[in-house]
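Fold and contact review
Residue strings, one per chain:
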2 protein chains.
Amino acid sequence: MENTYISRKVREENAKFSRLNVIIIGGGLVGSLCACVFAKRGYKVTLYEKRPDPRKTTACNGRSINLALSHRGRKTLRLVGLELSIMESSIAMKGRMIHPVAGETSSIPYDLVNNQCIYSVGRNFLNQILLNAAEKHEGVTLVFKHKLSDVNFEENTLKLINQETKEIITETADLIIGADGAFSCLRGFMQKRFLYDLTQSYIEHGYMELRVPASRGHKLRNNHLHIWPRGTFMMIALPNQDSSWTVTLFMPFKQFKSITDPEKLLNFFSNTFTDALELIGKEELVQTFFTSNPAPLITVKCGQYHMGDRFLIIGDAAHAMVPFYGQGMNAGFEDCTILNNLLNEHKDNVKASIEAFSEQRRQDVHAVCDLALYNYKEMRDLVTTRSFKFRKTLDGVLSKWLPEIWTPLYNSVSFSHMEYHKCLENKLWQDKVLKRIFQMISTILILVFATIIYVFLSVK
Amino acid sequence: MENTYISRKVREENAKFSRLNVIIIGGGLVGSLCACVFAKRGYKVTLYEKRPDPRKTTACNGRSINLALSHRGRKTLRLVGLELSIMESSIAMKGRMIHPVAGETSSIPYDLVNNQCIYSVGRNFLNQILLNAAEKHEGVTLVFKHKLSDVNFEENTLKLINQETKEIITETADLIIGADGAFSCLRGFMQKRFLYDLTQSYIEHGYMELRVPASRGHKLRNNHLHIWPRGTFMMIALPNQDSSWTVTLFMPFKQFKSITDPEKLLNFFSNTFTDALELIGKEELVQTFFTSNPAPLITVKCGQYHMGDRFLIIGDAAHAMVPFYGQGMNAGFEDCTILNNLLNEHKDNVKASIEAFSEQRRQDVHAVCDLALYNYKEMRDLVTTRSFKFRKTLDGVLSKWLPEIWTPLYNSVSFSHMEYHKCLENKLWQDKVLKRIFQMISTILILVFATIIYVFLSVK
């Protein structure tokens, strides 16, 4: 009798959990994937997006650095059964192809041991797949053209304004997720609250997207991420499905500004990116350069991601980062897996789960923000140095010999689920070990050399 | 003829300059002093404050750590002819009076050489004097109960909402100053703009104001800032004109929370602040503690203070800091002097002046924010150590002997107009010099000691 009662109680509780109401603000990549994850948990999800449905409008240009999907992102896609279909439409990149100012290009593989790849995928394409997948779930409602206009953290309510009719609706839910990007509106409200730590910082460089058309795309070696490292600036290219390439120029804003006319631009390109100029095309380059503005690159670090009992920010809203480690989307997707695990662990207790999310995620996303900043220097500058190539080779050899012990930084970040802060700690430990080894080797060499001289002199 | 023309042109230009229209947002200490400075320049000033006129309402309680006026603040007051009248109503504090858990109190002077003091002054009193002074100027209009609601940086317009009628007015001016405090509304709008760097961070400690009534005030030795340093927390007391003292308890929020009933509170005070408990009074302590909440302490650092051609934030809006160096108000007042100098230098060219302000002020206010954080550790902990007292004595001796070369950190911050970042550099240089000297002394001592032993042994 008691057992029956308990099991009924548990069933009731479970039923209650499975009917959790969730609001997601933001229908970008992380928001729409998060909707799928929650739908799979049996939650009722309403997703509000301020823009019109991207599936019904013509694709918007620019402002979307191509995406490099790696392990962390794939794991969450797998969770909702979308990994395979998305992988099929992505292009493997097995290494960096370095274009020097003059001379031959050279390839540096991402993974010397297991030949693992990162995958180039289009933002709009991916967003559409995720929105379609979310919409297929019975419990998911997508609402477009609704912008967050006010939040009450005590009463767990939101106000949203219909962008067309200007009508304001008030909403509430058991869990409210802000996945509204680097300039998150929900974070803006959190930031004004008691004891909210926040840092937003821009780098002095901006980016501009250019394009190699499909007709000339075959001239760039496939299955690579192409880099034109130039010390203080750089250009990269990622492949698209239609054989075109999305090219992104990263450069100090001042330098963008200093290029004031087509002649200067073409001179700059023909001196600095000789091979790329041909591929992009002179006319197209001039056209794009002088009709678009370089976009800024922001890093956002927060002290916590939850607020009150029900609010949580994830993805870029929680940790916008510069794009140089290709981890922005991957970290955002990983947020969904982590939140899903915490909701399992805490049996759908929202308050406990979102508090644990803040606690668990903070140092990891701070670490990956720092890694992304560091990687800009690596990509635009260090990548051309001998010491970099030597270290990559050494890392490859060591991880082949000692696969259990030696995971190179890039591999732990892109091809594992190791917590980001541990990736960083691991790298620092490796640096220390290598330094010690080199010190030992040089001491031994000096001793050997001294012995030889001694023997030589005494024999003489 | 040409000369006449030029001089007329110059006069016209000057006349134009002197008619500059300025809007100041915020009628606190910095806003109202800034209005006086501009009025003296012949500008037409409109000051908008969101709260009602503080001169017509009963003084609001709490939330205002007593202020310690020092050199930088006094300089700007002097500029507008208010220094003497304010100094007359302030109380000199010549040193810190340290209250240990048990045993005698001891005094550590702020300035061992010239006996310079900092001055305790009440926030409300000072604010009223400054508002009265501003209002006396013909060109100054004070408008209360108007809150900033929107900003257009391109069109140089503001929207302000009348807090009573809810009417919205649109305003513009040649120069728009945000002096609207640590949670600045104008900064909030700047923060959303292109490339705006910002850090806001809270410490884990809060503060609560208590009071020693005038009837028992004489029991605390006058002309001192009293400190009860307790390692991880502390209490301070600053004198008021009416012989009462404003007491401020700084403590981790967790510790505040852990004191849940009057018994715990009285136990805590009688064990930790024995002498203070008598002065504050048990009943008053319990009453205040359980009817108020600890307030947070924020640090705000910005990458720039101007926006567009006409907007500038100053004071806490530009650089909120923790109160432990007594420099919040002083740095804000110094902003007014610096802005005034820059407007002189750039002949009232607003754009050039506010850009130069950002450039010139950034590293200084970042430095004083860091110094203020550091000084909390000094006040609550280091101040009790022997090494601290030794260093203070050593600094005193050295600055007496070498007044041109050796200015101790506290003196350069509080009793000079040295740029804050130079105060910090100067301190680091002093630390290095002292370290070298101690190394030299120990080497010499070892040598002397070795020689003595050698001589002793050889004689034997």
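Keep in mind that this is a model prediction, so the values were computed, not measured. (Residues numbered from 1 in each chain as written. Chains lettered and ligands numbered in written order. Predicted model: local features only at pLDDT ≥ 70, side-chain atom pairs only at ≥ 80, totals over all residues. Heavy atoms only, no water.)

Considering the domain arrangement of chain A
Residue and element names in this part refer to chain A. Examined at the domain level, chain A breaks down into domain 1 (2-371) and domain 2 (388-447). Look at where the C-alpha atoms of domain 1 and domain 2 centre, and you get two points 30 Å apart. Counting from both sides, the interface comprises 24 residues of domain 1 and, opposite them, 22 residues of domain 2. Both faces combined, the contact of domain 1 with domain 2 buries some 2,200 Å², and carbon together with sulfur accounts for 61% of it. When the buried surface of domain 1 facing domain 2 is broken down by residue, Arg72, Tyr325 and Leu371 rank first, second and third, together holding 27% of it. The tally of links from domain 1 across to domain 2 stands at 0 salt bridges. The tally of links from domain 1 across to domain 2 stands at 8 residue pairs in polar contact (both at pLDDT 80 or more). (Domains from an automatic or database assignment. Contact = heavy atoms within 4.5 Å. Buried area = accessible area lost by both parts, 1.4 Å probe. Salt bridge = Lys/Arg side-chain N within 4 Å of Asp/Glu carboxyl O. Polar contact = N/O pair within 3.5 Å; in protein donor to acceptor, adjacent residues only side chain to side chain.)

Thoughts on the interface of chain A and chain B
Of the residues lining the interface, 15 residues belong to chain A; the matching set on chain B comes to 15 residues. When the buried area of chain A at its contact with chain B is split by residue, Leu195, Gln200 and Tyr202 of chain A rank highest and sum to 39% of it. Taken together, the links from chain A to chain B amount to 0 salt bridges. Applying the counting criterion to the chain A and chain B interface returns 10 residue pairs in polar contact (both at pLDDT 80 or more). The biggest single contributor to the side of chain A that touches chain B is strand β13 (residues 198-212) of chain A, with 6 residues. When the residues that make up the side of chain A that touches chain B are grouped by side-chain class, the tally is 9 nonpolar, 4 polar and 2 charged. Bridging between β13 of chain A and strand β13 (residues 198-212) of chain B involves 3 bridges; their strand directions are antiparallel. Note that in β13 of chain B the partner of threonine 199 of chain A across the bridge is threonine 199 of chain B. (Helix = DSSP H or I, 4+ residues; strand = E, 2+ residues; numbered from the N terminus. Nonpolar A, V, L, I, M, F, W, Y, C, P; charged D, E, K, R; others polar. Pairing = 2+ DSSP bridges.)

Some thoughts on helix α3 (residues 71-79) of chain B
For α3 of chain B, every residue scored as buried is listed here: His71, Arg72, Gly73, Arg74, Thr76 and Leu77 of chain B. Positioned one or two residues after α3 of chain B, glycine 81 of chain B has a phi angle of 70 degrees, which is positive. (Buried < 20%, exposed > 50% of the residue type's maximum accessible area, 1.4 Å probe, protein only.)

Description of the environment of arginine 187 of chain B
For arginine 187 of chain B, the position within the fold is in helix α6 (residues 185-191). Among the residues examined, arginine 187 of chain B registers a relative accessible area of 6% and is labelled buried.

Focus: the environment of threonine 170 of chain B
Residue and element names in this part refer to chain B. Relative to the elements of secondary structure, threonine 170 occurs in strand β11 (residues 168-172). Spatially, the C-alpha atoms of threonine 170 and methionine 329 are 30 Å apart, while their sequence positions differ by 159 residues. With residues up to four places along the chain from it excluded, the contact list for threonine 170 reads Thr157, Leu158 and Lys159.

With respect to the side chain of aspartate 335 of chain A
Residue and element names in this part refer to chain A. In this fold, aspartate 335 is placed in helix α13 (residues 328-345). Within the structure, aspartate 335 has its side chain in polar contact with the side chain of arginine 361 (distance 2.7 Å). Beyond its immediate sequence surroundings of up to four residues, aspartate 335 is in contact with Ile314, Gly315, His319, Phe357 and Arg361.

Things to note about the state of the cysteines
Taken as a whole and judged by the stated rule, the model has 0 disulfides over all chains. No disulfide involves cysteine 185 of chain A; its nearest neighbouring cysteine sulfur is the one of cysteine 302 of chain A, lying 14 Å away. With no disulfide of its own, cysteine 36 of chain B lies 9.1 Å from the sulfur of cysteine 34 of chain B, the closest cysteine sulfur. (Disulfide = S-S within 2.5 Å.)

Examining the side chain of asparagine 240 of chain A
As for its position among the elements, asparagine 240 of chain A is in the loop between β15 (234-239) and β16 (245-252). Setting aside residues no more than four positions away along its own chain, asparagine 240 of chain A makes contact with Asn66, Ile91, Trp245 and Thr246 of chain A.

Focus: the relation of the copies chain A and chain B
When chain A is fitted onto chain B, the two copies agree to an RMSD of 0.0 Å after a turn of 180 degrees and an axial shift of 0.0 Å. Each copy turns onto its partner about a two-fold axis. It is threonine 199 of chain A whose C-alpha, among those of chain A, lies nearest the rotation axis, at 2.1 Å. A shared interface surface links the copies, since 100% of the contact residues of chain A are contact residues in chain B too. (Least-squares fit on C-alpha atoms with pLDDT ≥ 70 in both.)

Observations concerning the pattern of salt bridges
What the rule picks out here adds up to 44 salt bridges over all chains. The partner of glutamate 359 of chain A in a salt bridge is arginine 362 of chain A, with the nearest N and O atoms 3.8 Å apart. Of this pair, glutamate 359 of chain A and arginine 362 of chain A both sit in helix α14 (residues 350-380), 3 residues apart, which is roughly one turn of that helix. For arginine 362 of chain A, a relative accessible area of 26% translates into the label partly exposed. Notably, a salt bridge pairs glutamate 355 of chain B with lysine 351 of chain B, separated by 3.0 Å at the nearest N-O pair. With a gap of 4 residues between them, glutamate 355 of chain B and lysine 351 of chain B both fall in helix α14 (residues 350-380), about one helical turn apart. Residue glutamate 355 of chain B is classed as partly exposed on the basis of its relative accessible area, which comes to 32%. Because the salt bridges share partners, they merge into one network encompassing Arg72, Glu334, Asp335 and Arg361 of chain A.

With respect to the sheet that holds strand β12 (residues 175-178) of chain A
Adjacent strands of a sheet form backbone hydrogen bonds with each other and so pair up, either parallel or antiparallel. Residue and element names in this part refer to chain A. The 6 strands lie next to each other as β8-β2-β1-β12-β19-β18, forming an open sheet whose pairing is mixed. This sheet does not close on itself; its edge strands, each paired only once, are β8 (140-143) and β18 (306-307). Sheet contacts for α14: β12, β18 and β19 (311-313); angle to β19, the most-contacted strand, approximately 30 degrees. (Axes fitted to C-alpha atoms, helices over the stretch in contact; angles between N-to-C directions.)

Brief notes about the packing of aromatic side chains
For any pair of aromatic rings, the description rests on two quantities: the centre-to-centre distance and the angle between the ring planes. Summed over all chains, the structure comprises 40 aromatic pairs over all chains. Measuring from centroid to centroid gives 6.1 Å for tyrosine 410 of chain A and phenylalanine 415 of chain A, while their planes differ by 65 degrees, and the two rings are edge-to-face. With respect to class, tyrosine 410 of chain A is no different from phenylalanine 415 of chain A; both count as buried. Each member of the aromatic cluster is reached from another via a ring pair, and the members are Tyr110, Tyr325, Tyr410 and Phe415 of chain A. Seen from the ring of tyrosine 420 of chain A, arginine 72 of chain A lies directly overhead, with NZ or CZ sitting 4.0 Å from the centre. Taking NZ or CZ as reference, arginine 96 of chain B lies 5.1 Å from the ring centre of tyrosine 410 of chain B, over its face. (Phe/Tyr/Trp six-rings, centres within 6.5 Å; stacked < 30°, edge-to-face > 60°. Lys NZ or Arg CZ within 6 Å of the ring centre and 35° of its normal.)

Side note on the nonpolar core
In terms of nonpolar packing, the biggest core is built from 229 residues, with Ile24, Phe38 and Ile177 of chain A together with Ile24, Phe38 and Ile177 of chain B touching the most fellow members. Once you skip the residues sitting within four places of it in the chain, isoleucine 24 of chain B turns out to touch Gly31, Cys34, Ala35, Phe38, Val45, Thr46, Leu47, Tyr48, Ile177 and Ala179 of chain B. (Core = buried A, V, L, I, M, F, W, Y, C linked by side-chain atoms within 4.5 Å.)

Things to note about a nonpolar patch on the surface
Residues and elements named next belong to chain A. On the surface, a cluster of nonpolar side chains totalling about 470 Å² of accessible area is made up of Phe390, Ile437, Phe438, Ile441 and Leu445. Broken down by element, the nonpolar patch gets its largest block of residues, 4 residues, from helix α17 (residues 420-459). Secondary-structure assignment places isoleucine 441 in helix α17. (Patch = residues over 30% accessible without salt bridge, like charges linked within 9 Å, V, L, I, M, F, W, Y side chains within 5 Å. Areas by Shrake-Rupley, 256 points an atom, 1.4 Å probe, with all protein chains shown as cover.)

As for the packing of helix α15 (residues 386-401) of chain B against helix α17 (residues 420-459) of chain B
Residue and element names in this part refer to chain B. Taken N-terminus to C-terminus, the directions of α15 and α17 make an angle of 95 degrees; their axes are 13 Å apart at the nearest point. By the angle class used here, α15 and α17 are roughly perpendicular. Counted together, Phe390, Arg391, Leu394, Asp395 and Leu398 of α15 and Lys427, Gln430, Asp431, Leu434 and Phe438 of α17 form the full contact between these two elements. (Parallel < 35°, antiparallel > 145°, perpendicular 65-115°, else oblique.)

What about the UniProt feature "transmembrane region" (unreviewed entry) in chain A?
All names here are of chain A. In the numbering adopted here, UniProt assigns the feature "transmembrane region" (unreviewed entry) to residues 20-39 and 437-457. What you have in residues 20-39 is 55% helix and 25% strand, and the ends, taken at the C-alpha atoms, are 10 Å apart. Segment residues 437-457 splits into 100% helix and 0% strand. End C-alpha atoms: 30 Å apart. (UniProt positions renumbered as here; feature names shortened; annotations may be inferred.)

Re the confidence of the model for chain A
In the predicted model, chain A carries a mean pLDDT of 91, and 94% of its residues have values of at least 70. Counting interchain partners and residues more than four positions distant, the pLDDT-below-50 stretch residues 1-6 of chain A has 0 contacts. (pLDDT = per-residue confidence, 0-100.)

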